[in-house]
Amino acid sequence: VINTIAKLAKTCTLRLTVSKLYFILSDKVANGGVSMWCELCQGNFFDEFQMEGVAAEHNEIYLELVPENLSRALKTAQSAKAVKIKLTNKHCPCLRVAVELPSLSSSSRIVTHDIPVGVIPRRLWNDFREPSVPDFDVSIYLPMLKTMKSVVERMKNLSNSIVIEANLRGEMNLKIETDLVSVTTHFKDLGNPPWASEDGCQSSAQGRDPEGVAEARIDIKKLQQLLAGQQVNPTKALCNIVSKRIVHFILLHEDVSLQYFIPALA
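What counts and how
- Numbers given to residues run from 1 along each chain, matching the order in which its sequence is written.
- Given that this is a predicted model, residues contribute local features only at a pLDDT of at least 70 and side-chain atom pairs are listed and counted only at 80 or more, while totals for whole chains, interfaces and linings are drawn from all residues.
- Side-chain descriptors were evaluated using all non-hydrogen atoms of the structure, hydrogens and water having been removed beforehand.
- Per the convention used, a helix needs a DSSP run of H or I reaching at least four residues, while a strand needs a run of E reaching at least two, with both numbered from the N terminus.
- Under the scheme applied here, a residue whose accessible area is under 20% of the maximum for its type counts as buried, over 50% as exposed, and between as partly exposed, the area being computed with a 1.4 Å probe on protein chains only.
- Contacts are assigned to residue pairs that have any heavy atoms within 4.5 Å of one another.
- Using the Shrake-Rupley algorithm and a 1.4 Å probe, accessible areas are obtained, with residue cover drawn only from the displayed protein chains.
- For the purpose of counting charges, residues Lys and Arg are taken to be positive, whereas Asp and Glu are taken to be negative. His and the chain ends are not included.
- Every charge is mapped onto a representative atom, which is NZ of Lys, CZ of Arg, CG of Asp or CD of Glu.
- Arc definition: it is the arc formed by the directions from the helix axis to the C-beta atoms.
- Whether two strands pair comes down to DSSP finding at least two bridges between them.
- Those domain boundaries reflect an automatic or database domain assignment.
- Take the accessible area each of two parts loses on contact, using a 1.4 Å probe, and add the two losses: that sum is the buried area.
- One side-chain nitrogen of Lys or Arg within 4 Å of one carboxyl oxygen of Asp or Glu is enough to make a salt bridge.
- N or O atoms closer than or at 3.5 Å make up a polar contact, with two conditions inside protein: a donor-capable atom paired with an acceptor-capable one, and, for residues adjacent in sequence, both atoms drawn from side chains.
- Only Asp, Glu, Lys and Arg are considered charged in this grouping, and only Ala, Val, Leu, Ile, Met, Phe, Trp, Tyr, Cys and Pro are considered nonpolar; every other residue, Gly among them, is considered polar.
- Fitted lines through C-alpha atoms serve as axes, helices being fitted only where they are in contact, and the angles separating the N-to-C directions of these axes extend from 0 to 180 degrees.
- Remark: nonpolar core denotes a set of buried residues (Ala, Val, Leu, Ile, Met, Phe, Trp, Tyr, Cys) joined through side-chain atoms within 4.5 Å.

Trainee: Requested: an account of the overall build of the protein chain, with residues and values cited.
Mentor: The number of helices and strands found in the protein chain is 4 helices and 16 strands. Dimensions of the protein chain along its principal axes, counting C-alpha atoms only, are 65 × 40 × 30 Å. Expressed as a percentage of the 266 residues in the protein chain, the buried residues total 42%. Excluding contacts between residues fewer than 6 apart, the proportion of contacts in the protein chain whose partners are at least 24 apart in sequence is 59%. In the form shown here, the protein chain has an accessible surface area of approximately 14,800 Å², with 49% of it arising from carbon and sulfur atoms. Where the 30 positive side-chain charges of the protein chain centre and where its 29 negative ones centre are 8 Å apart.

Here is the structure:
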């Protein structure tokens, strides 16, 4: 998970609650930045988990960190007997990653990494709430991410932007158009998620023309970054398109959900 996030963001926010961990990137979409929301249940990753937030009614901790640093520290833990992660404050706030490595003698070897973090004050917490999902025009399952990645990698040599088009008949096109070349890759029979709204009827897709196409032009590098960063093949991957405004990707693994928002280019 951390390797994926390190490929998507230079810095991000780690939000700790009693039951969950969140990795958040909230570049303002309005300014053309991407945003990310990744959610993990701590019970799936830790045998023991203790935390105490700033106050009983605000039992959360928000930290700013460089995910690449955490990724490097965890690389040493691949053959570890145990790994302990602790928030400490020696000379500055740090996440201490203590890795207990197997040893031939009876004494254990422990490698410690101190990763500097910034503690985010409570007055700024509202900046890191879960991004709201806009009312989309089309929601569609994605093709195999490996296939999509190889298509996008070829296309990025030809153009800086890519158009994603989809309809409610499970069809999606990836398209680039420049003065010199026009290339389109068609995917069909992908299927559309059966979203249900609060009152139990079908979602915003109900009553729309199945042939109607929603499209958005986005920065091809941002899409390629998302596809290249995937270390684990998700069990489900889908995308919601708000025509000419935003493309919202949702990647679901057994223990992790990752949402990624790429704003449309004008």
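Trainee: Tell me what's going on with helix H2 (residues 67-75), and back it up with residues and numbers.
Mentor: Of the residues making up H2, those classed as buried are Pro-67, Leu-70, Ser-71 and Ala-73. With its buried residues spanning 165° around the axis, H2 presents them on a single face. Looking at the buried residues of H2, the elements they touch are helix H1 (2-8), strand S1 (12-16), strand S4 (61-65), strand S6 (93-101) and strand S7 (109-116).

Trainee: Describe in detail the pairing of strand S12 (residues 182-187), supporting the description with residues and values.
Mentor: The side chains of a regular strand alternate, first on one face of the sheet and then on the other. With 6 bridges connecting them, strand S11 (residues 172-177) and S12 associate as antiparallel partners. Note on S12: the bridge partner recorded for Leu-174 is Thr-185.

Trainee: With reference to specific residues and values, describe the domain arrangement of the protein chain.
Mentor: Domain boundaries in the protein chain define domain 1 (1-127) and domain 2 (138-263). Between domain 1 and domain 2, the contact holds 18 residues from the first and 17 residues from the second. Carbon and sulfur atoms make up 59% of the surface buried where domain 1 meets domain 2, a total of about 1,500 Å² over both sides. Summed over the three residues of domain 1 that lose the most area to domain 2, namely Lys-7, Leu-8 and Val-34, the buried surface amounts to 33% of that side. Viewed at the interface, domain 2 and domain 1 are joined by 0 salt bridges. Across the contact surface, domain 1 and domain 2 share 4 residue pairs in polar contact (both at pLDDT 80 or more). Only H1 and strand S3 (35-41) provide two or more residues apiece to the side of domain 1 that touches domain 2. Partitioned by chemical class, the residues of the side of domain 1 that touches domain 2 number 10 nonpolar, 6 polar and 2 charged.

Trainee: Help me get a handle on the sheet that holds S12, residues and values and all.
Mentor: Here we have 4 strands laid out as an open sheet, ordered S12-S11-S10-S13, and antiparallel in their pairing. Edge positions in the sheet fall to S12 and strand S13 (214-219), since each has one partner strand and no second. Between one strand and the next, the sheet's axes are offset by a mean angle of 20°, whatever the strand orientation. Most of the contacts of helix H4 (residues 220-228) go to S13, to which it runs at about 90°, and overall it touches strand S10 (161-166), S11 and S13.

Trainee: Tell me about the pattern of salt bridges, and name the residues and values.
Mentor: Here the structure, examined in full by the defined rule, presents 7 salt bridges. Where Glu-39 meets Lys-20, a salt bridge forms, and the shortest distance between an N and an O atom there is 2.7 Å. With Glu-39 in strand S3 and Lys-20 in strand S2 (residues 20-26), the pair connects residues that are 19 residues apart, well separated along the chain. By relative accessible area, which is 18% here, Glu-39 ends up buried. When the shortest N-O distance is used, the salt bridge between Arg-96 and Asp-114 registers 2.8 Å. Here Arg-96 is found in strand S6, whereas its partner Asp-114 is found in strand S7, with 18 residues between them in sequence. The exposure class assigned to Asp-114 is partly exposed, which follows from its relative accessible area of 38%.

Trainee: Quick rundown of the nonpolar core? Include the residues and the values.
Mentor: The biggest cluster of nonpolar side chains holds 61 residues, and the ones touching the most others in it are Phe-23, Ile-162, Ile-164, Met-172, Leu-174, Leu-223 and Phe-249. If one sorts the elements of this core by residue count, helix H3 (residues 145-155) sits on top with 5 residues. Counting residues domain by domain, this core receives three or more from each of domain 1 (1-127) and domain 2 (138-263). What Phe-23 contacts, discounting residues up to four positions off in sequence, is Ile-2, Ile-5, Cys-12, Thr-13, Leu-14, Met-36, Trp-37, Cys-38 and Leu-40. Counting residues in hydrophobic clusters, the runner-up holds 7 residues, among them Ile-24, Trp-37, Trp-125 and Phe-128.

Trainee: How would you summarise H4 if you had to cite specific residues and measurements?
Mentor: Every buried residue of H4 is listed here: Ile-220, Leu-223, Gln-224, Leu-226 and Leu-227. Across the axial projection of H4, the buried residues extend over an arc of 160°, all falling on one side. Between the side-chain oxygen of the N-cap and the backbone nitrogen of Lys-221 there are 2.8 Å, and the N-cap of H4 in question is Asp-219.

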